[in-house]
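# Chains, contacts and geometry: an overview
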Amino acid sequence: MTTAPVERGWGRALLRETPVLLFIAACSLLVRGWWMDNPVVDHDEQFYSYVAKAMLQGQLVYVDIWDRKPLGLFLLYVAAHGLLGPAPWAYLVMANLFACVGAWLAYRIAALLADRRTGWVAALLYLLAMTVFGCRGAQSELLFAPLCLGMLYLALVRPGSLPAMLLAMLLGGLAIQIKYTAAPYCAVFALFVLIEDWRRTRALSPVLGRACLYALVGLAPTLAIAAWYAAIGHFDDFVFANFVSIFQRKVSVGRLHPKTLTVIAPFLLMIAAGVWAWFRLGQTYPRRAS
């Protein structure tokens, strides 16, 4: 008797989300389906797949087979190949699921900030942008982006909630274990959350306590993997691959290549539009009930 209203509530919520979920799934297949069984969508994911298959045969990353990417990325590929077999479509199906989750979160965030019609557009733009900017296959950016969007969504729907923010920090820690370039986003997000905590409490000690807790939870996945490598006697291999080797890597093109501006120009335009809206309206979007 007590669970019936809850079940009806979940049923109504799922029914309300069904059209946009079908829209996202259809758009994802239309945008990404061309590469669903292509073994050479990109050179990076071919190697990730190779490492995952080696792991399934008992080899150890950073010791028997080497790369500088975090272990979490390879574990996703291990899961894909372990469940769906050795073919390329195994990790491409996984990537399509991650793309759909990211698009749905983009929809939900836009619906909260503006309205549901804006959310539909945001979901479509998410799928298109991921494809245009190099994530047609199972690139690491496609895989950690939904975790970062999940952090933002939690901050919007549960502001000030310590359990929600700890979950957000854990999502950030998992994103870092897919690619370390997620770390700056996580740091900025944590700073934003701490500023909001300070505005609510105006007390230094609780904010410092939360800062330590956030850092511990965010670093927990990396610390756990480091501890495991230390326990099996390969801590030095882990540290070199993950944190030392990157500084010994030669840059072939350069981070400030002239073509970089043409790639990031659309993002700069969107940022400029958001900044203009903030100064013009006092906020980027009028907040509406979702």
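Residues numbered from 1 in each chain as written. Predicted model: local features only at pLDDT ≥ 70, side-chain atom pairs only at ≥ 80, totals over all residues. Heavy atoms only, no water.

### Considerations on the pattern of salt bridges
For the coordinates displayed, the defined rule picks out 7 salt bridges. Measuring nitrogen to oxygen at the nearest pair gives 3.5 Å for the salt bridge that ties glutamate 17 to arginine 116. Within this pair, whereas glutamate 17 is found in helix H1 (residues 4–32), its partner arginine 116 is found in helix H5 (residues 116–132), the two being separated by 99 residues in sequence. On the basis of relative accessibility, which here comes to 9%, the residue glutamate 17 falls in the buried class. The class for arginine 116 is partly exposed, based on a relative accessible area of 22%. The partner of glutamate 196 in a salt bridge is arginine 199, and the shortest N-O contact between them spans 3.0 Å. Highlighted residues: glutamate 196 and arginine 199, both in helix H8 (residues 183–201), separated by 3 residues, approximately one helical turn. Where salt bridges share partners, they join Glu17, Arg108 and Arg116 into one cluster. (Salt bridge = Lys/Arg side-chain N within 4 Å of Asp/Glu carboxyl O. Helix = DSSP H or I, 4+ residues; strand = E, 2+ residues; numbered from the N terminus. Buried < 20%, exposed > 50% of the residue type's maximum accessible area, 1.4 Å probe, protein only.)

### Digging into the packing of helix H4 (residues 89–113) against helix H6 (residues 140–157)
For the pair H4 and H6, interaxial distance at closest approach is 9 Å and the crossing angle is 25°. Relative to H6, H4 is oriented roughly parallel. Crossing hand, H4 versus H6: left-handed. Note on element contacts: H6 touches H4 through Leu142, Leu143, Pro146, Leu149, Gly150, Leu152, Tyr153, Leu156 and Val157, opposite Met94, Ala95, Phe98, Ala99, Val101, Gly102, Leu105, Ala106, Arg108, Ile109, Leu112 and Leu113. Taken together, the residues that form the contact of H4 with H6 break down as 18 nonpolar, 2 polar and 1 charged. (Axes fitted to C-alpha atoms, helices over the stretch in contact; angles between N-to-C directions. Parallel < 35°, antiparallel > 145°, perpendicular 65-115°, else oblique. Left-handed = near helix turned anticlockwise from the far one by under 90°. Contact = heavy atoms within 4.5 Å. Nonpolar A, V, L, I, M, F, W, Y, C, P; charged D, E, K, R; others polar.)

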